[in-house]
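Residues per chain, in single letters:
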Amino acid sequence: MLGRMLLAEAPKREEGRFFTFSARAFGLAAFAAALFSVVAAAVVWPLHHLAAIVIAVAGATIVLVLGVIWRSMMLPTIRRFAAYAAEIELERERFERLFTKIPDIGILWDIDGILQQANAPARELFGDGGGDGTAFRIIDCVTAERRDEVQRYFARALKGDAVEFETLALGVHAQRIPVWATFVPIISGGAVVGVFGIAKDLRPLRILERELLFETERFRSLFDINYEPMLQLGADRHILRANAAFERISGYGSDELVGETSALFSATGSEDIRENAYRRVMAGEAFEAESQLRCKDGHVLPVIAALIPMAHGTEIEGYYIIMRDLSAQRAFERREELTREKLRELYRLATVPQDELEPLLARVLDFGRRILEMEIGYVLGIDGDDFVIRAKGGSGRFALGDRVPIVRAISRQLLENETPLVINDIRESSFHEDVAAEGEPWRCFLGAPITVEGIRFGALAFSSKFLRETPFDANDVDFVKLMAALLGSAFERDRRARTLGDLALRDPLTGLANRTLLAQRLEREIVRTKRNGGELGILFLDLDGFKSVNDRFGHAVGDRILAEVGHRLVGVVRGDELVARIGGDEFVVVLNDLRSDSLDRCTARIEKAMREPFAEIDLPVGISVGPAIFGLDGNDPSSLLAAADAKMYQAKQARRPAGVR
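Please read these numbers as outputs of a predicted model, since none were measured by experiment.

Asker: How should the overall build of the protein chain be read in this particular structure?
Answerer: From N to C terminus, the protein chain includes 16 helices and 20 strands. Each of the 661 residues in the protein chain was classed as buried or not, and the buried ones make up 40%. Long-range pairs, those at least 24 residues apart, make up 53% of the contacts in the protein chain between residues at least 6 apart in sequence. Just so you have it, the protein chain exposes about 37300 Å², and 57% of that area is on carbon and sulfur atoms.

Asker: Mind showing me how you'd approach the packing of aromatic side chains here?
Answerer: How two aromatic rings sit relative to each other is given by the distance of their centres and the angle of their planes. The final tally for this structure, using the stated rule, is nine aromatic pairs. Centre to centre, the rings of Phe-246 and Phe-265 are 5.1 Å apart; their planes meet at 70°, and the pair counts as edge-to-face. Taken as a pair, Phe-246 in helix α6 (residues 244–250) and Phe-265 in the loop between α7 (254–257) and α8 (271–282) lie far apart in primary sequence, 19 residues in all. For the pair Phe-246 and Phe-265, a shared accessibility class is recorded, and that class is buried. Put simply, the rings of Tyr-153, Phe-154, Phe-165 and Phe-183 pair up and form one aromatic cluster. Just above the ring of Tyr-278 sits the side chain of Arg-237; from NZ or CZ to the centre is 3.8 Å. Positioned above the aromatic ring of Phe-287, the side-chain terminus of Arg-280 is 3.8 Å from the ring centre.

Asker: Would you mind showing me how to read helix α15 (residues 598–611) here?
Answerer: Since the α-helix advances by 3.6 residues per turn, residues separated by three or four positions end up pointing in the same direction. Between the first and last C-alpha of α15 there are 20 Å, a value that for 14 residues agrees with the 20 Å anticipated at 1.5 Å per step. Looking at the buried side of α15, the elements it contacts are β17 (537–544), α14 (546–572), β19 (586–591) and β20 (622–629).

Asker: Could you clarify how one ought to interpret a nonpolar patch on the surface in this entry?
Answerer: A contiguous nonpolar patch, built from Phe-31, Leu-35, Val-39 and Val-43 and spanning about 400 Å² of accessible area, is present on the exposed surface. Take Leu-35: it is sitting in helix α1 (residues 2–44).

Asker: Just to check I follow, could you spell out the pattern of salt bridges for this structure?
Answerer: Side-chain pairing between opposite charges can occur once the charged atoms of the two side chains come close. Inspection of every chain in the model, using the stated rule, returns 25 salt bridges. The salt bridge partner of Glu-145 is Arg-176, with a shortest N-O separation of 2.5 Å. With a gap of 31 residues between them, Glu-145 in the loop between α3 (120–126) and α4 (147–158) and Arg-176 in strand β4 (residues 176–188) connect regions that are remote in the sequence. Arg-280 is the partner of Glu-285 in a salt bridge, and the nearest nitrogen-oxygen pair spans 2.6 Å.

Asker: Sorry if this is basic, but what is going on with the sheet that holds strand β5 (residues 191–201) here?
Answerer: Each strand in a sheet pairs with another by means of backbone hydrogen bonds, the pair being arranged parallel or else antiparallel. The strand order across the open sheet formed by five strands is β2-β1-β5-β4-β3, and the pairing between neighbours is antiparallel. Only two strands of the sheet have a single neighbouring strand rather than two, namely β2 (115–118) and β3 (163–170). Across the sheet, the mean angle separating the axes of adjacent strands is 30° when strand polarity is ignored. Here strand β1 (residues 105–110) pairs with β5 via six bridges, running antiparallel. When the bridges of β5 are listed, Ile-105 appears paired with Ala-199. The strands touched by α4 are β1, β3, β4 and β5; relative to β3, the strand with the most contacts, the crossing angle is about 140°.

Asker: What's the story with the environment of Pro-471 in this structure? I'm lost.
Answerer: Its location among the elements puts Pro-471 in the loop between β16 (455–464) and α12 (474–505). Exposure remark for Pro-471: the relative accessible area of 53% places this residue in the exposed category. Each C-alpha atom, one on Pro-471 and one on Ile-423, is 8.9 Å from the other, the two residues being 48 residues apart in sequence. What Pro-471 contacts, discounting residues up to four positions off in sequence, is Asn-424 and Asp-476.

About the thresholds
- Residues numbered from 1 in each chain as written.
- Predicted model: local features only at pLDDT ≥ 70, side-chain atom pairs only at ≥ 80, totals over all residues.
- Heavy atoms only, no water.
- Helix = DSSP H or I, 4+ residues; strand = E, 2+ residues; numbered from the N terminus.
- Buried < 20%, exposed > 50% of the residue type's maximum accessible area, 1.4 Å probe, protein only.
- Contact = heavy atoms within 4.5 Å.
- Areas by Shrake-Rupley, 256 points an atom, 1.4 Å probe, with all protein chains shown as cover.
- Phe/Tyr/Trp six-rings, centres within 6.5 Å; stacked < 30°, edge-to-face > 60°.
- Lys NZ or Arg CZ within 6 Å of the ring centre and 35° of its normal.
- Expected span 1.5 Å × (residues − 1).
- Patch = residues over 30% accessible without salt bridge, like charges linked within 9 Å, V, L, I, M, F, W, Y side chains within 5 Å.
- Salt bridge = Lys/Arg side-chain N within 4 Å of Asp/Glu carboxyl O.
- Pairing = 2+ DSSP bridges.
- Axes fitted to C-alpha atoms, helices over the stretch in contact; angles between N-to-C directions.

Structural data, given as structure tokens:
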């Protein structure tokens, strides 16, 4: 509005100035013409009155004609000139206002690059030179390394191009100031007569850039490098960015997450929970809640999620989700609960009545397999050079009573060390080349030695063909040690109870089972055979020629021979098979897991053992054997013993020489 007003008033102002000037010029001309006429008339009047009048009239006519000419011709020209002059003045005023008032650096250069005019910011930056601010060349205003570059841009401006570029200005006191400069050619009459330069001081911008970079790095440190999983979501619920911690814990890549919603990783059935959380955070509320993170591989992690609104002024533009994995906490809680459960169960197991040893072994193995997440459990007893399977849990390849050479069992390591044996993965352990690992289907193993009355009794062992989710820890090792100690105590109590019971059930001379214990054992074995299947057999044994030993060497030597016979019989049968002395020189062997031709093999071993000479006598002591098989020769203890006795008598009769009893 002010510009239009100035443009409208300026011609009138200039017209008045030129009208006054021209009017004064015309007045002087008219006055001169009138004066000339008056003087001429006065001179001529004495000579010729008519001529003097004509001269006066001619002078007046000249003045009148000049006035008409001025009025009709000069006034429009004056007005046009005044308008042009006003426009020039207005443009000059505009330029001066722009040039002096702009906050940026403004400089006018001639075509030789000499500073002609500089505004206040330019003079403040570069100084006043010789005092008038016009002593600088363009190359003096930039740093040395930028002079060639600036001269090239100046040359382009002299060719008529407007150019923009960033450079380093050289201010007072050799300040190096980053500026964004523009060169605009000044054209007059179709030729470039100078260059107008404008430069923006970039120092405030650089400060802002540094502050922005600092804030960006702070945000990056908080978001991208944060060890807690974080997401940034927009108001439309779509993911804008995810940090590395979230990618690592969820298994999703950034390209899979950006643009998706939280439904991608939310647990099934949590739609109402997500909707309620969204409404709360978009209302400006920050809060925490337990949730679940469904990872890319399908497993679900317990997390606690913090939702924080992302506000810009009063507008909520989105929100952040910060998660904390609760798996470790939940695992710790589970371990604590397992520890309490272990203690409760171990206490209950420790109070099991002693006459329930076999159920106790089964419960220990089942409980241990469940707590340790193992497939198979064994209780191993030592019998000579073998381990004997005393109890079994799970579907292992060994059965109760099976014998495993100690040298071929990994559990032998438990006999050499007091500490448990821990193998998290046999393929990556030092036992990979162990002979006991050949052909074994298991991958992980945990076992502890069982000690009874200070003597190594056997071992408690757990194994599995599947690797555990986590390696065995100290709690697992302590747990298996406690169970092994519990079993050691149970076996010790059982041994003491059996020792007391043996006073009534054992033969005092040989230490073998007597007739009462034999009958009890046969009853149990018959029941087990009927329940589990298999075959049960017995051998009825009678020494040949033993009466001669008593007659020649006395009953004391005869008793020692009977004890030696009992020792030899125990040495040739399996550890879980019963040898009994039922009277005089009669013995019975119970074979509780009969296999094809095992009666013959056992008979052969017994006969071989009896052929060995006895140190105290020089007489041979033979033996007659009568076998009987349950179901074939009898269905109860009495019928089995009677059948075996009859067969033994037949064998004795067939080999007895005359006079031998």
